[in-house]
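Secondary and tertiary structure notes
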Amino acid sequence: MEPLKLSDELVIELQKVLAGHDARAGDAGVAVQYYAAIIGFMLAQQSGSLAEKKEFLNQLNAFSRHVLDDCNPPQAPRGDAAIGQWRPGDA
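Model, not experiment: these values are computed from the prediction.

Once that is clear, we can look at the side chain of K53. Checked against the element boundaries, K53 lands in helix α3 (residues 50-71). Once you skip the residues sitting within four places of it in the chain, K53 turns out to touch L43, A44, Q46, S47 and G48.

Turning our eyes to something else, we now look at the packing of helix α2 (residues 28-45) against α3. Describing two packed helices takes the angle between their axes plus the distance from one axis to the other. Where α2 meets α3, the axes come as close as 10 Å, and the angle between the chain directions of the two elements is 145 degrees. Between α2 and α3 lies a crossing of right-handed hand. Residues I39, L43 and A44 of α2 form the contact with α3, whose own contacting residues are K53, F56, L57 and L60. The class makeup of the residues in the contact of α2 with α3 is 6 nonpolar, no polar and 1 charged.

Below, the discussion takes up a nonpolar patch on the surface. A cluster of nonpolar side chains, contributed by L6, L10, V11 and L14, occupies part of the molecular surface with about 340 Å² of accessible area. Relative to the helices and strands, V11 is located in helix α1 (residues 8-21). Judged by relative accessible area, which is 36%, V11 ranks as partly exposed.

On to the pattern of salt bridges. A side chain of one charge can pair with a side chain of the opposite charge if their charged atoms are brought near each other. On inspection of all chains with the given rule, the structure shows 2 salt bridges. A salt bridge links K16 to E13; the shortest N-O distance between them is 3.7 Å. Here K16 pairs with E13, and both are found in helix α1, just 3 residues apart, close to one helical turn. Two residues, D22 and R24, come together in a salt bridge whose shortest N-O distance is 2.6 Å. For D22, a relative accessible area of 12% gives the class buried. Looking at R24, the relative accessible area reads 57%, which means it is exposed.

Reading the values: rules and limits
- Residues numbered from 1 in each chain as written.
- Predicted model: local features only at pLDDT ≥ 70, side-chain atom pairs only at ≥ 80, totals over all residues.
- Heavy atoms only, no water.
- Helix = DSSP H or I, 4+ residues; strand = E, 2+ residues; numbered from the N terminus.
- Contact = heavy atoms within 4.5 Å.
- Axes fitted to C-alpha atoms, helices over the stretch in contact; angles between N-to-C directions.
- Left-handed = near helix turned anticlockwise from the far one by under 90°.
- Nonpolar A, V, L, I, M, F, W, Y, C, P; charged D, E, K, R; others polar.
- Patch = residues over 30% accessible without salt bridge, like charges linked within 9 Å, V, L, I, M, F, W, Y side chains within 5 Å.
- Areas by Shrake-Rupley, 256 points an atom, 1.4 Å probe, with all protein chains shown as cover.
- Salt bridge = Lys/Arg side-chain N within 4 Å of Asp/Glu carboxyl O.
- Buried < 20%, exposed > 50% of the residue type's maximum accessible area, 1.4 Å probe, protein only.

So, in structure tokens, the structure goes:
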């Protein structure tokens, strides 16, 4: 299977489509709620048992977490919060 082609442009275009149907979806928090609802809606339309659909939803959730981790790497410690550290200008 080829990798997905996720890009800023794709995400922006999808959000524009949502906002065309509901102006509130211009807010990213509302847009992601639509995405989650769409996933549930589309899975409900698929054939298979409810248990199979829920398992697939769990796999999608894990995939979403993986993408989140890849796109939001942990911040390196700033190093300026150590106890007893002196910086010029400290009084």
